[in-house]
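# Per-entry structural report
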Amino acid sequence: MKFRKLGSNKNTMIRVNKIIFLLMVFLGVTLVEAKQHKFEMTIDEVMIKVAPKLDYKVFAFNGQVPAPLIHVKEGDDVEVFVTNNTSTPHTIHWHGFYMTNNWQNDGVPGVTQEVIEAGDSYTYRWKAEKTGSLWYHCHSNVNEHVGVRGMWGPIIVDPIEPTALEKTVTKDVIIMFSTWSSSHADKFGEGGTPSDLVDYFSINGHSFPSTQPIRVKKGDVVRYRLYGAGEGLHSFHPHGHDMLITHKDGLPLAQPYEVDTLLIAPGERYDAIVTMNNPGRWVAHDHFDTHVTNAGKYPGGALLITEYEGIPMDDWYVWKNKVYNADFYFSESMKKGYGMLEQSDFKGAPIERRRRRRSE
Amino acid sequence: MKFRKLGSNKNTMIRVNKIIFLLMVFLGVTLVEAKQHKFEMTIDEVMIKVAPKLDYKVFAFNGQVPAPLIHVKEGDDVEVFVTNNTSTPHTIHWHGFYMTNNWQNDGVPGVTQEVIEAGDSYTYRWKAEKTGSLWYHCHSNVNEHVGVRGMWGPIIVDPIEPTALEKTVTKDVIIMFSTWSSSHADKFGEGGTPSDLVDYFSINGHSFPSTQPIRVKKGDVVRYRLYGAGEGLHSFHPHGHDMLITHKDGLPLAQPYEVDTLLIAPGERYDAIVTMNNPGRWVAHDHFDTHVTNAGKYPGGALLITEYEGIPMDDWYVWKNKVYNADFYFSESMKKGYGMLEQSDFKGAPIERRRRRRSE
Amino acid sequence: MKFRKLGSNKNTMIRVNKIIFLLMVFLGVTLVEAKQHKFEMTIDEVMIKVAPKLDYKVFAFNGQVPAPLIHVKEGDDVEVFVTNNTSTPHTIHWHGFYMTNNWQNDGVPGVTQEVIEAGDSYTYRWKAEKTGSLWYHCHSNVNEHVGVRGMWGPIIVDPIEPTALEKTVTKDVIIMFSTWSSSHADKFGEGGTPSDLVDYFSINGHSFPSTQPIRVKKGDVVRYRLYGAGEGLHSFHPHGHDMLITHKDGLPLAQPYEVDTLLIAPGERYDAIVTMNNPGRWVAHDHFDTHVTNAGKYPGGALLITEYEGIPMDDWYVWKNKVYNADFYFSESMKKGYGMLEQSDFKGAPIERRRRRRSE
């Protein structure tokens, strides 16, 4: 009762506000306004080029593999209106999110919702309670859709209070590992079973030489955000540098540790900070020996090259004339502010013509 | 000499006992009487139902897969009298136990003992020196017997002094992962070789939908005891909750850490504490995409659902009419006190008739 | 200018040296003279015996698998003059080394150098900046050369200041895991592709029973240096003992942790200290059930036996009459001082005759 009276008196209100403000300053509270994001997303049937000799039919979020980066801040509310333009049912699972009092938005068919049928739309709503390296993927027929049809993308939730280590980072590099079975490239509705011959291995949907350089300068502090996005295991080894593992699945480690080779399993995420103090030209790759091949031929697969500024391109350098995409590892997108960030280079090509031919 | 004299005098004995007692109180020693357990065990040839369409011939400890839970306390002495009722040799290895001054009971054929031939019996004796999540399995022809014939079961040794974290646990959930190759389901003496097509993935010997819900209420503190019991790798991801990893192979970690996805390799055990603070209906599953299929069809495999009390069953919920077994994850057995705890629901069916037919 | 004058006066020089010396004592600097090592190495085509029934054609550094141990001290400079006597190109990558201001010696064809063609020689130079369990391997056609042709060997760099834990070690045991595909044993230029049937699993290039015992006495403190040298994953489990994991990839862990089973991925190294306090005869093996078979037959593969001094050999003991090689795990080599240490028992046999036949 007393409070209401105060509220009805303007002068008193101002005084109360001042007290609250001073109290917050005293308590060190930062005033952060949680944003409400509304995104529209489609799921489309397109064809992507995984490797020079491998075109693959995928179910692609907004037509791209990886799916668009969703970059928000801790505490933000997100609404995603998704339309299924494909010929088969899907859902979206928001991997790692707590979905407090909100399990119905967790995206598991038959458990938290019914599938989104071909042609239908659905609205997901969730709050960015958990921070760090999170992701989203289909949860219907995951063996095919996540395993070999590219239905996965990154979500980065910036914490309101980053750790001291995180504050040193100058460049974000998102690396999502997945695998492909060339015998199922051309037909939806198959693949991703234990009998598959898995013969292509990729970073952000591309196999070397279709991957991209990471360009850095001495002094950069790179944070690799490493994702096991598909079916396979990957043993990541950057040459010439150790990695300080700071987060597992978005969660800060009380005791970060250093490695030069890191095993990443399906669904896992590791944040690895690397101080770029060693100018040169260095490969970083999956250390499973077969994973740096394309259809059994070396070099290929999950392999990239880190190029320091100022290192001359030798004539025999395999990427001497590489056409460079600065955003292949989402480094540019991560600087663009919050939202859903699409990338034209990740978009697939339409496969309309083939369909028509079939229905003739 | 002096000591004997004291012993012969009743009054003095009482005084000595009192001194010993006070000394123990002073030193903080808890008086715990180590028990002597004697168990009888058979190994039988039976048929289990791994999945709706997969019956599998197994060598089963006491006729069940998983084998019976052995639940004892630190310091207890255990004797297991085992009779091999199968047609092939076996041994039992007690994985993780120290067997101090007792290596002859370690169960490795040709190294610590000769095999237990078909029809023979053998007595194992060991002390529960190590605590936590341990297990036992055959060590003869392990590729077939452990890999695809179900010869494994849990041993839980309660520590005399649990850690502070352990004391918060209200519910134990034992999850043993293993894999199956359907082409070897029907014939003993084969399977478990590198050329196998591994096409079924299971939790406690069952593939979804033959697994069971974990039923909890808000406020429960669940300890998952996660076992890599068979040949495969498993990347366990419970939706909506992080896991605090507190023990590795029964050994407490000085620095527990949090994850939402955990890789478990053959032979490994992880204790993961999860505070059930997020009411809903949540899947938990192996994140290898092929491991949630049965013979390549999703959903299946190593997948379960956690059901919070009070969440209504939607009409479309896949387990709306599930016949519930509260002890599928050994949660009830773990409350029953110490001993060897059998479960009728894990017992296989006899395969006598088929044998007779063959010998006709 | 002033400094030069001082230098030209003998008495002053002595005084300056004295000051420098006292300064170093004050700063706690240990005077260690970095050595300059010069090694000559060949790459040869030879035949090794992986298992009793498996002879394998390999590209072998100095004719041996594993390649010779390189044992140096922190700060040492190393020069390796390598001659490629095989019929195909190679390079050498020094895994884990920083190669500061020296990326051109990192050994990656097309990125840091051109391949060393058949018949050619090449000189690598590097400084032992990083310490601990490191290694070297070919980086050309790694899927075949590292995966199934034995082109890998250990490098141990002793730190100038070992950790307290390291100082307790009395015996070094180097264990390098790799795998083999018998169908490619006899022909160079093939194998190491995703379609391979991998059917042999080895420790230091040998499958049980061709592995060797680790002989210890009570009180020994053994350091296992565990390497994922080939394509496969390995889950190492020594019976009767826990392992204290102290280093990952040569880097000391701030928080060592104990396990009884450890997963090792390609490229990874773990240092595990085990106190030998439990006399007996104990197996230690890869817990992937198929990895203790040879061509699908148990026992075989990545399995060894630790024999404590004083344990009698039972008549039925599988290694009762084993011909013992004390250096199979490099324990003897590690005591021999610094250098490149070859082992006659790891040398392959010449395959000259077969070649001639083919060219007839």
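The structure under discussion appears in the preceding block.
Parameters at a glance
- Residues numbered from 1 in each chain as written.
- Chains lettered and ligands numbered in written order.
- Predicted model: local features only at pLDDT ≥ 70, side-chain atom pairs only at ≥ 80, totals over all residues.
- Heavy atoms only, no water.
- Contact = heavy atoms within 4.5 Å.
- Buried area = accessible area lost by both parts, 1.4 Å probe.
- Salt bridge = Lys/Arg side-chain N within 4 Å of Asp/Glu carboxyl O.
- Polar contact = N/O pair within 3.5 Å; in protein donor to acceptor, adjacent residues only side chain to side chain.
- Helix = DSSP H or I, 4+ residues; strand = E, 2+ residues; numbered from the N terminus.
- Least-squares fit on C-alpha atoms with pLDDT ≥ 70 in both.
- Nonpolar A, V, L, I, M, F, W, Y, C, P; charged D, E, K, R; others polar.
- Phe/Tyr/Trp six-rings, centres within 6.5 Å; stacked < 30°, edge-to-face > 60°.
- Buried < 20%, exposed > 50% of the residue type's maximum accessible area, 1.4 Å probe, protein only.
- Lys NZ or Arg CZ within 6 Å of the ring centre and 35° of its normal.
- 1 Å grid on protein atoms, 1.4 Å probe; cavity = no way out; pocket = protein on both sides within 12 Å on 5 of 7 lines; lining within 4 Å.
- Points joined across faces, edges and corners; volume = space filled by probe spheres on them.
- Lys, Arg positive; Asp, Glu negative; His and termini not counted.
- Pairing = 2+ DSSP bridges.
- Axes fitted to C-alpha atoms, helices over the stretch in contact; angles between N-to-C directions.

### Structural notes on the interface of chain A and chain B
Counting residues at the interface gives 45 residues for chain A and 40 residues for chain B. Counting the surface lost from both chain A and chain B, the interface buries some 3,300 Å², and carbon and sulfur atoms represent 61% of this. Linking chain A with chain B are three salt bridges. In this structure, the salt-bridge partner of Asp260 of chain B is Lys130 of chain A, at a minimum N-O distance of 2.9 Å. Taken together, the connections running from chain A to chain B amount to 24 residue pairs in polar contact (both at pLDDT 80 or more). Contributing elements (two or more residues each) for the side of chain A that touches chain B: strand S5 (93-95), strand S7 (132-137), helix H3 (142-145) and strand S15 (251-259) of chain A. At four residues, S15 of chain A tops the list of elements feeding residues into the side of chain A that touches chain B.

### Notes on the relation of the copies chain A and chain C
Rotating chain A by 120 degrees and moving it 0.0 Å along the rotation axis overlays it on chain C with an RMSD of 0.0 Å. Taken together, the rotation angle and the small translation identify this as a three-fold axis. Considering only C-alpha atoms, the residue of chain A closest to the rotation axis is Gln255 of chain A, which sits at 4.3 Å. Here only 8% of the interface residues in chain A have copies in chain C that are interface residues too; the copies meet through unlike faces.

### Description of the interface of chain A and chain C
The interface of chain A with chain C comprises 40 residues on the first partner and 45 residues on the second. Interface area lost by chain A to chain C is led by Asp289, Tyr298 and Trp316 of chain A, which between them contribute 21%. Our count for the contact surface shared by chain A and chain C stands at three salt bridges. Here Arg269 of chain C ties to Asp260 of chain A by a salt bridge, and the two come within 2.8 Å at their closest N and O atoms. Elements with a contribution of two residues or more to the side of chain A that touches chain C: strand S13 (234-238), S15, strand S16 (262-264) and strand S18 (281-286) of chain A. When its residues are assigned to classes, the side of chain A that touches chain C shows 19 nonpolar, 14 polar and seven charged.

### A look at the packing of aromatic side chains
Scanning the entire structure with this criterion turns up 42 aromatic pairs over all chains. With 5.6 Å between their ring centres and 70 degrees between their planes, Trp94 of chain A and Tyr124 of chain A make a pair best called edge-to-face. Linking Trp94 of chain A in strand S5 with Tyr124 of chain A in strand S6 (residues 121-127), this pair joins segments that are 30 residues apart in sequence. An identical accessibility class is assigned to Trp94 of chain A and Tyr124 of chain A; each is buried. Here the aromatic residues Phe61, Trp94, Phe97, Tyr122, Tyr124, Trp126 and Tyr136 of chain A are joined through ring pairs into a cluster of three or more. Positioned over the ring face of Tyr317 of chain B is Arg281 of chain B, at 4.0 Å from the centre of the ring.

### What to know about empty space enclosed by the protein
Under the defined criterion, the tally for this structure stands at ten cavities of 30 Å³ or more. Counted as a void, the largest cavity has a volume near 850 Å³. Taken together, 32 residues form the lining of the largest cavity, with Tyr257 and Tyr270 of chain A, Tyr257 of chain B together with Tyr257 and Tyr270 of chain C sitting closest to its centre. Across the lining of the largest cavity, the residue classes tally to 23 nonpolar, three polar and six charged.

### Observations concerning unusual backbone geometry
All names here are of chain A. The residue after Val65, namely Pro66, is reached through a cis peptide bond having omega -5 degrees. Position of Pro66 relative to the elements: it lies in the loop between strand S2 (54-61) and strand S3 (69-73). A positive phi angle, near 50 degrees, is found at Met99, a position not held by glycine. Mapped onto the secondary structure, Met99 falls in the loop between S5 and S6.

### Focus: the relation of the copies chain A and chain B
Of the two same-sequence chains, chain A is brought onto chain B (RMSD 0.0 Å, axial shift 0.0 Å) by a rotation of 120 degrees. When the interface residues of chain A are mapped onto chain B, a mere 7% of them again fall at the interface, so the copies present different faces.

### Side note on the side chain of Asp106 of chain A
Position of Asp106 of chain A relative to the elements: it lies in the loop between S5 and S6. Buried and unpaired, Asp106 of chain A has no salt bridge, with Arg281 of chain B as the nearest side chain of opposite charge at 10.0 Å. Side chain to side chain, Asp106 of chain A and His239 of chain B meet in a polar contact 2.6 Å long. Asp106 of chain A has contacts with Ile92, His93, Trp94, Met99 and Thr112 of chain A together with His239 and Trp282 of chain B, leaving out every residue within four places of it along the chain.

### What to know about the environment of Asp249 of chain A
Tracing the backbone through its elements, the reader meets Asp249 of chain A in the loop between strand S14 (243-248) and S15. Of the residues examined, Asp249 of chain A reaches a relative accessible area of 0% and is grouped as buried. For the pair Asp249 of chain A and Tyr270 of chain A, spaced 21 residues apart in the sequence, the C-alpha separation amounts to 6.1 Å. The contact partners of Asp249 of chain A, leaving out residues within four places of it in the chain, are Lys130, Ser133, Gly267, Glu268 and Arg269 of chain A together with Val259, Asp260 and Thr261 of chain B.

### As for the pattern of salt bridges
Following the criterion strictly, the structure yields 63 salt bridges over all chains and no others. For Glu144 of chain A, the salt bridge identified is with Arg149 of chain A, shortest N-O distance 2.8 Å. Arg149 of chain A shares its class with Glu144 of chain A; the two are buried. Among the ionic pairs, Asp249 of chain B bridges to Lys248 of chain B, the shortest N-O distance being 2.8 Å.

### A short note on the sheet that holds strand S13 (residues 234-238) of chain C
Residue and element names in this part refer to chain C. Here we have five strands laid out as an open sheet, ordered S11-S19-S18-S13-S16, and mixed in their pairing. Whereas interior strands pair on both sides, the edge strands pair on one side only; in this sheet they are strand S11 (214-216) and strand S16 (262-264). On average, adjacent strands in this sheet sit at an angle of 20 degrees to one another, irrespective of strand direction. Here S11 runs beside strand S19 (residues 303-308); their pairing, made up of three bridges, is parallel. By the bridge assignment, Val216 is partnered in S19 with Tyr308.

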